[in-house]
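Structure at a glance
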Amino acid sequence: MSAVAVLMSLYERDDPHLLDTALRSIFDQELPEETEVRLYLGIDGPVGPALLEVVERHRERIHFLHHKKENAGLAPMLNDLIGLTADEEYLFRMDADDRSLPQRFIRQIEHLDLNPDIGILGTAIIEHDLAAGSKRVIRFAQNPASARRDVARRSPLAHPTACFRRSVFETVGRYPVVPFSEDIALWFKCLEAGVKFDNLPEPLYEFTINANFWKRRGFKKAWNEYLTWSRGVHRLEGPTWRQIYPLARLLMRIGPNRIQKVLYGNVLRRQAEFSAP
């Protein structure tokens, strides 16, 4: 019997209904024979009774529950969860308000089994805007060379779609504790260490945009993201005109929400198709 790990963190602002959907999508995965899904769930600080009720409803299928008394942030929680994993070769990320499509895990496992040089594998996403009632497919870099070449301009993959080989964390250590930008900081750390990224073109993950998504995108997040991106580009490439991309991203992030929503998903950031199943 082999096993894969799923790392999920939730906190007080998460939606109980979306959490229930997220957990069900993990337990309903189509998996290779003799493969077990082990969910490592972190509760980051105090949460309300509605969220706790959802967790309790699924408690028997949660492999390990880790509850911090105080909210510490995503990076410290993920680092804790990584440290709690056992012998799983593959570690999947998952957000508490999204949904993994039934074939997500098996498709990522198959691709990594066939491509031992790939360290981190993501997928295309279906971006679901709850307020607008719309969906669109977003695709990321389709090969390691593109992921490395374009990192100054866009993220090499969507963080919650990532499937990591355990060896990645053995090589680079844990997530850098950079508030709001732990994923970007990790991507640069991995690229510096020679870790290769790739993405499946199929949309195997439904990413939810709700009111909290825009509330989290304030100046502090934008500034931390800019510093992380700018410093990462400098470490990888030295002085370069490509620093214009982190700066352009900062200017977009600090603009009014209505402008952010128009520019979100544009060519500076990702490739988008304005329809989805």
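Residues numbered from 1 in each chain as written. Predicted model: local features only at pLDDT ≥ 70, side-chain atom pairs only at ≥ 80, totals over all residues. Heavy atoms only, no water.

Remarks on the packing of aromatic side chains
Counted according to the given criterion, the structure contains nine aromatic pairs. A ring pair is formed by phenylalanine 92 and phenylalanine 105, whose centres lie 4.2 Å apart and whose planes are at 25°; its orientation type is stacked. With phenylalanine 92 in strand E4 (residues 90–93) and phenylalanine 105 in helix H4 (residues 104–114), the pair connects residues that are 13 residues apart, well separated along the chain. Residue classification places phenylalanine 105 among the buried positions, given a relative accessible area of 0%. Ring-pair connections join several aromatic residues into one group, and the members of that group are Phe164, Phe169, Tyr175, Trp187 and Phe197. Its guanidinium or amino end placed over the ring of tryptophan 229, arginine 249 lies 4.0 Å from that ring's centre, counting from NZ or CZ. (Phe/Tyr/Trp six-rings, centres within 6.5 Å; stacked < 30°, edge-to-face > 60°. Helix = DSSP H or I, 4+ residues; strand = E, 2+ residues; numbered from the N terminus. Buried < 20%, exposed > 50% of the residue type's maximum accessible area, 1.4 Å probe, protein only. Lys NZ or Arg CZ within 6 Å of the ring centre and 35° of its normal.)

Quick notes on the environment of histidine 159
Residue placement: histidine 159 occurs in the loop between helix H5 (144–149) and strand E8 (163–165). Histidine 159 gets classed as buried once you look at its relative accessible area, which sits at 7%. Remark: the alpha-carbon pair of histidine 159 and phenylalanine 92, spanning 67 residues in sequence, is separated by 9.9 Å. In this structure, histidine 159 is in contact with Leu74, Leu78, Arg93, Tyr175, Asp183 and Trp187, ignoring residues within four places of it in sequence. (Contact = heavy atoms within 4.5 Å.)

What to know about the pattern of salt bridges
For the coordinates displayed, the defined rule picks out 22 salt bridges. Measuring nitrogen to oxygen at the nearest pair gives 2.7 Å for the salt bridge that ties aspartate 80 to lysine 68. In this pair, aspartate 80 sits in helix H3 (residues 74–84) while lysine 68 sits in strand E3 (residues 64–68), placing the two residues twelve residues apart along the sequence. For aspartate 117, the salt bridge identified is with lysine 196, shortest N-O distance 3.7 Å. Of the two residues, aspartate 117 sits in the loop between H4 and strand E6 (118–129) while lysine 196 sits in strand E9 (residues 196–209), which places them 79 residues apart along the sequence. Each of Glu36, Arg38, Asp87, Glu88 and Arg166 takes part in one network of salt bridges that share partners. (Salt bridge = Lys/Arg side-chain N within 4 Å of Asp/Glu carboxyl O.)

As for helix H2 (residues 49–57)
For H2, the full list of buried residues reads Leu51, Val54 and Val55. Angular distribution of buried residues about the axis of H2 spans 100°; they occupy a single face of the element. Exposed and oriented more than 90 degrees from the buried face of H2 are Pro49 and Glu56. Check the buried side of H2 and you find it contacts strand E1 (2–10), helix H1 (16–27), strand E2 (35–44) and E3. (Arc of directions from axis to C-beta.)

A few points about the nonpolar core
Membership of the largest hydrophobic core comes to 37 residues, with the highest contact counts inside it found for Val6, Met8, Leu10, Leu19, Ile26, Leu39 and Phe92. When residues of this core are traced back to their parent elements, those giving at least two are E1, H1, E2, H2, E4, H4, E6 and E9. Not counting residues up to four positions away in its chain, the partners in contact with leucine 10 are Leu19, Leu41, Gly42, Ile43, Asp44, Val47, Leu51, Val55 and Ala96. Grouped together as the second largest cluster of nonpolar side chains are 33 residues, Val172, Ile184, Leu191 and Phe197 included. (Core = buried A, V, L, I, M, F, W, Y, C linked by side-chain atoms within 4.5 Å.)

A closer look at helix H7 (residues 182–192)
With nine of eleven residues buried, H7 is to be regarded as a mostly interior element. Every buried residue of H7 is accounted for by Glu182, Asp183, Ile184, Ala185, Leu186, Trp187, Phe188, Cys190 and Leu191. Taken from the residues just after H7, glycine 194 is the one with a positive phi, measuring 85°.

Observations regarding unusual backbone geometry
In the Ramachandran plot, glutamate 34 falls in the positive-phi region, its phi being about 60° despite a non-glycine side chain. The residue glutamate 34 is located in the loop between H1 and E2 in this model. Residue classification places glutamate 34 among the exposed residues on the basis of a relative accessible area of 54%. The phi dihedral of phenylalanine 180 is positive, around 75°, even though this residue is not glycine. Among the structural elements, phenylalanine 180 can be located in the loop between helix H6 (166–172) and H7. Assessed through its relative accessible area of 38%, phenylalanine 180 is described here as partly exposed.

Regarding the packing of helix H9 (residues 219–237) against helix H10 (residues 244–253)
Geometry of a packed helix pair, given as the angle between the helix axes and the separation of the axes. Two elements in contact, H9 and H10, have axes whose closest approach is 9 Å; the angle formed by their N-to-C orientations is 175°. In terms of axis orientation, H9 runs roughly antiparallel to H10. Note on element contacts: H10 touches H9 through Pro246, Leu247, Arg249, Leu250 and Arg253, opposite Ala222, Trp223, Glu225, Tyr226, Trp229, Ser230 and Val233. (Axes fitted to C-alpha atoms, helices over the stretch in contact; angles between N-to-C directions. Parallel < 35°, antiparallel > 145°, perpendicular 65-115°, else oblique.)

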